[in-house]
Amino acid sequence: MSENINENMTEKEAKKAEELKKKELEREKYQEQLNDPNLTKKEKKKIKRKLEELEPFDLKKEIFSWIRIFIAAVVIAFLVNNFVIINANVPSGSMETTIMTKDRMLGNRLAYKTGDIKRGDIVIFKFPDDESQLFVKRVIGLPGDKVVIKGKIYINDSEEPLEEDYLPEEWTVGNDASNLPDGKNEYNVPEGSYFLMGDNRNISNDARYWNNTYVKKDKIIAKAMCVYFPFNHMHALESAEYN
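It should be emphasised that the depicted structure is a prediction, and the values quoted were computed from it without experimental measurement.

Novice: Looking at this structure, how should I read the overall build of the protein chain?
Specialist: Regarding its fold elements, the protein chain presents four helices and eleven strands. The C-alpha radius of gyration of the protein chain comes to 32 Å, more than 25% above the 18 Å expected for a compact globule of 243 residues. A principal-axis box enclosing the C-alpha atoms of the protein chain has dimensions of 105 × 40 × 30 Å. Approximately 16,000 Å² of the protein chain is accessible, and the part contributed by carbon and sulfur atoms is 52%. The average position of the 38 basic charges and that of the 42 acidic charges among the side chains of the protein chain differ by 6 Å.

Novice: Where do I start with the packing of aromatic side chains in this structure?
Specialist: In this description, a pair of aromatic rings is defined by centroid distance and the angle of the planes. Under the criterion given, the structure shown has eight aromatic pairs. Pairing F127 with F135 gives two aromatic rings, centres 4.2 Å apart and planes at 5°, and the pair type is stacked. Plain terms: the ring middles of Y187 and F195 are 4.7 Å apart, the flat faces sit at 40° to each other, and that makes the pair tilted. The positively charged end of K150 is found above the aromatic ring belonging to Y154, 5.4 Å away from the centroid.

Novice: For this particular structure, what's the right way to read the layout of surface pockets?
Specialist: Summary: where empty space remains is shown by rolling a probe the size of a single water molecule over the atoms. Computed from the structure, the largest pocket encloses a volume of approximately 270 Å³. Considering the residues around the largest pocket, the lining is formed by 15 residues, among which P91, S92, L134, F135 and V136 are closest to the centre. Looking at the lining of the largest pocket, the elements that each hand over two or more residues are strand 1 (85–89) and strand 4 (134–141). When residues of the lining of the largest pocket are assigned to their parent elements, the largest contribution, four residues, is made by strand 4. Here the residues of the lining of the largest pocket sort into nine nonpolar, five polar and one charged.

Novice: Whenever I open this one, the pairing of strand 8 (residues 193–197) confuses me. Can you help?
Specialist: Looking down a regular strand, the side chains alternate between one sheet face and the other. Of all five residues that make up strand 8, five are buried, and the element is covered over most of its length. Relative to strand 8, strand 4 runs antiparallel, the two sharing three bridges. For R138, the partnering residue across the bridge sits in strand 8 and is M197. One ladder, built from two bridges, connects strand 8 with strand 9 (residues 215–216); its direction is antiparallel. Looking at strand 9, one finds that S193 is bridged to K216.

Novice: Explanation requested: a positive patch on the surface in the structure shown.
Specialist: Residues K29, K42, K45, K46, R49 and K50 make up a contiguous surface patch of positive charge. Top contributing element to the positive patch by residue count: helix 2 (residues 41–54), with five residues.

Novice: So what exactly am I meant to see when it comes to the nonpolar core here?
Specialist: A general feature of soluble globular proteins is that nonpolar side chains tend to end up buried together. In terms of nonpolar packing, the biggest core is built from 31 residues, with I140, I153 and F195 touching the most fellow members. Among the secondary structure elements, those contributing two or more residues to this core are helix 4 (111–114), strand 3 (122–126), strand 4, strand 5 (146–150), strand 6 (152–155) and strand 8. Examining the composition of this core, we find that four residues originate from one element, strand 8, more than from any other. If sequence neighbours within four positions are ignored, I153 has contacts with I140, V147, V148, P161, L162, E164, W171, M197 and R201. One finds I86, M95, A224 and V227 within the second-largest nonpolar core, a separate group that totals 14 residues.

Novice: Explain the side chain of R208 here, please?
Specialist: Counting through the fold element by element, R208 comes out in the loop between strand 8 and strand 9. At a separation of 2.8 Å, a polar atom in the side chain of R208 contacts the side chain of D206. Ignoring anything within four residues of it in the chain, the contact list for R208 reads I149, W171, V173, G174, L180, P181, Y187, M197 and R201.

Novice: So what exactly am I meant to see when it comes to the side chain of E164 here?
Specialist: Considering the arrangement of structural elements, one finds E164 in the loop between strand 6 and strand 7 (186–188). Polar contacts involving the side chain of E164 include one to the side chain of Y166, which spans 2.5 Å. A polar contact is formed between the side chain of E164 and the side chain of R201, at a distance of 2.7 Å. In this view, E164 contacts I140, I153, W171, R201 and Y242; residues no more than four positions away in its chain are not counted.

What counts and what doesn't
- Residues numbered from 1 in each chain as written.
- Predicted model: local features only at pLDDT ≥ 70, side-chain atom pairs only at ≥ 80, totals over all residues.
- Heavy atoms only, no water.
- Helix = DSSP H or I, 4+ residues; strand = E, 2+ residues; numbered from the N terminus.
- Rg over C-alpha atoms; globule rule 2.2 N^0.38 Å.
- Areas by Shrake-Rupley, 256 points an atom, 1.4 Å probe, with all protein chains shown as cover.
- Lys, Arg positive; Asp, Glu negative; His and termini not counted.
- Charge placed at Lys NZ, Arg CZ, Asp CG, Glu CD.
- Phe/Tyr/Trp six-rings, centres within 6.5 Å; stacked < 30°, edge-to-face > 60°.
- Lys NZ or Arg CZ within 6 Å of the ring centre and 35° of its normal.
- 1 Å grid on protein atoms, 1.4 Å probe; cavity = no way out; pocket = protein on both sides within 12 Å on 5 of 7 lines; lining within 4 Å.
- Points joined across faces, edges and corners; volume = space filled by probe spheres on them.
- Nonpolar A, V, L, I, M, F, W, Y, C, P; charged D, E, K, R; others polar.
- Buried < 20%, exposed > 50% of the residue type's maximum accessible area, 1.4 Å probe, protein only.
- Pairing = 2+ DSSP bridges.
- Patch = residues over 30% accessible without salt bridge, like charges linked within 9 Å, V, L, I, M, F, W, Y side chains within 5 Å.
- Salt bridge = Lys/Arg side-chain N within 4 Å of Asp/Glu carboxyl O.
- Core = buried A, V, L, I, M, F, W, Y, C linked by side-chain atoms within 4.5 Å.
- Contact = heavy atoms within 4.5 Å.
- Polar contact = N/O pair within 3.5 Å; in protein donor to acceptor, adjacent residues only side chain to side chain.

Here you go:
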């Protein structure tokens, strides 16, 4: 393309036309270089970058470019939120002081695709009595376990109770046959299911009180990773280690 400079052009217009002509000549030069079969990939990439820099501004093209970026960002966010990470708000104090009321937390949806659910893990799951709700609790009983609540928790007839240093206060409510529904303090966890409890035992609505006591593995959505808000509560959520 060539620009004819009209004698009636202002100096500013003539200068602009001259610049456009110069850019067009540069584009033609780089385009010819790009056709050279002896160019390396690195040289081709460099020339293409030069050509992009010389492209005239196109508002429509720029808008479409931003729209593509926005759509890509929305799609990526959707995929991450639905298949990789879960972002959850904790409305109750059943996991205090590990997770406080109104804390916001993240869970890893992929954690149990490659690894096993372990005793002591904090998990996000579908509440077995109403699967439209998501709960967060700690894994206490594994498939096949016998869980006995007798002041403390005993697993598989062990004489030693679980050492639960994460409990915020002395456990006095729902801690024995005398103060559990139907006087039941022994639970035999079915295969493929888990027995879950909150850390704040005195107020936690957990497996001790549910109509459907156990949570199936495919209803466990994610492993809790961290609290991220409010910022002064920010911390990683570690699995408990038992002797």
